[in-house]
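Structural overview for review
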Amino acid sequence: MMRTLLCFLVICVYSMSTLAKARTFDRLVLEINGKSYSQRQIEVYQALRTIASGGPSDKGLPGAEGWILSLDSFRDEMMIYINIENDAEKMDSLQVDSKAIRQVQEKLEALVATDDNWRDFRRRYSISDREVTEYLIRMFKVQAYLESRGRPVTTGQGAPSGYRKIDASEPWFVTLFHATPHRLYDRARAYQVIEPFGG
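From a predicted model like this one, the values you see are computed outputs, not experimental measurements. (Residues numbered from 1 in each chain as written. Predicted model: local features only at pLDDT ≥ 70, side-chain atom pairs only at ≥ 80, totals over all residues. Heavy atoms only, no water.)

1. Considerations on the overall build of the protein chain
Rules: Under the scheme used here, helices are H or I runs from DSSP no shorter than 4 residues and strands are E runs no shorter than 2 residues, and both carry numbers assigned from the N terminus. Using a 1.4 Å probe on the protein chains alone, a residue whose accessible area is under 20% of its type maximum counts as buried, one over 50% counts as exposed, and one in between counts as partly exposed. Two residues qualify as a contact provided that any one of their heavy atoms is within 4.5 Å of a heavy atom in the partner residue. Using a 1.4 Å probe, the Shrake-Rupley method yields the accessible areas, and only the shown protein chains count as cover for residues.
Each helix and strand counted, the protein chain has eight helices and three strands in total. When the helices and strands of the protein chain are read in sequence order from the N terminus, they spell out α-β-β-α-α-α-α-α-α-α-β. Here the protein chain holds 199 residues, and the buried ones make up 38% of them. Nonlocal contacts in the protein chain, meaning residues at least 24 apart in sequence, comprise 72% of its contacts between residues at least 6 apart. Of the roughly 11600 Å² of accessible surface on the protein chain, a fraction of 56% belongs to carbon and sulfur atoms.

Encoded structure:
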């Protein structure tokens, strides 16, 4: 009897560990200056970036198609943000447009209210209003910094926009890129479907 019970427990533990390995709840993909970022964080940030830049709403949802671009864009923006964050004077001088933040929040709410995919994304990723605000503040601090450097205001298609893209070939950014410690975690560029709690 004891032997049967022990075998049953071993099978249960093995099954539970196999199930846990089969699902990816989230994963660390990037480290910048000693701070790690997860795939979930990048995908939420990408969704907000898509809304802020006026891109097609379906491009903001998680998926393999735009993952490498999202990863690289997030890395570049966070390098700039960390540079801003480490300079108190610069941090204070770069003003965030609260109207622009409010507009992105309202667009997100409209998408969640009218689009099942966006509603499911917000629910599965448990995206809070506070998290949205924090990401948008970071995003618009970076935008303010790019504006201070005189970056042109264009989208990827060349149309006017309030969202500035980073030109990774500019000398100031190349210097920043090489001066900022960063690394990708193993298999970061290979997209994985994550299933956050509640998914």
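Still more ground to cover, so stick around.
2. Concerning the sheet that holds strand β2 (residues 35-38)
This is how the line gets drawn: In this analysis, strands are considered paired if DSSP registers two or more bridges between them. Helix axes are fitted only over the stretch in contact, all axes being lines through C-alpha atoms; the angle between N-to-C directions runs from 0 to 180 degrees.
The strand order across the open sheet formed by three strands is β2-β1-β3, and the pairing between neighbours is antiparallel. The open sheet has two free edges, formed respectively by β2 and β3 (182-184), since each of these has just one partner strand. Looking at each pair of strands side by side, their axes are set apart by 20° on average, direction ignored. Lying over the sheet, helix α2 (residues 39-53) contacts β1 (28-32) and β2, oriented at roughly 70° with respect to β2.

3. Some points on the environment of arginine 164
In this structure, arginine 164 sits in the loop between α7 (129-148) and α8 (171-179). The class for arginine 164 is buried, based on a relative accessible area of 11%. Distance from arginine 164 to alanine 52, taken between C-alpha atoms, is 10.0 Å for residues 112 residues apart in sequence.

4. Here we look at the packing of helix α5 (residues 98-114) against helix α6 (residues 116-124)
The test is simple: The scheme is simple: roughly parallel for angles under 35 degrees, roughly antiparallel for over 145, roughly perpendicular for 65 to 115, oblique for anything else. Each residue gets one label: Ala, Val, Leu, Ile, Met, Phe, Trp, Tyr, Cys and Pro are nonpolar, Asp, Glu, Lys and Arg are charged, and the others, such as Gly, are polar.
Between α5 and α6, the least distance of the axes is 5 Å, while the angle of their chain directions is 110°. Overall, the two elements α5 and α6 adopt an arrangement that is roughly perpendicular. Within the contact between the two elements, α5 uses Leu108, Glu109, Leu111, Val112, Ala113 and Thr114 and α6 uses Asp116, Trp118, Arg119 and Arg122. For the contact of α5 with α6, the residue count by class is five nonpolar, one polar and four charged.

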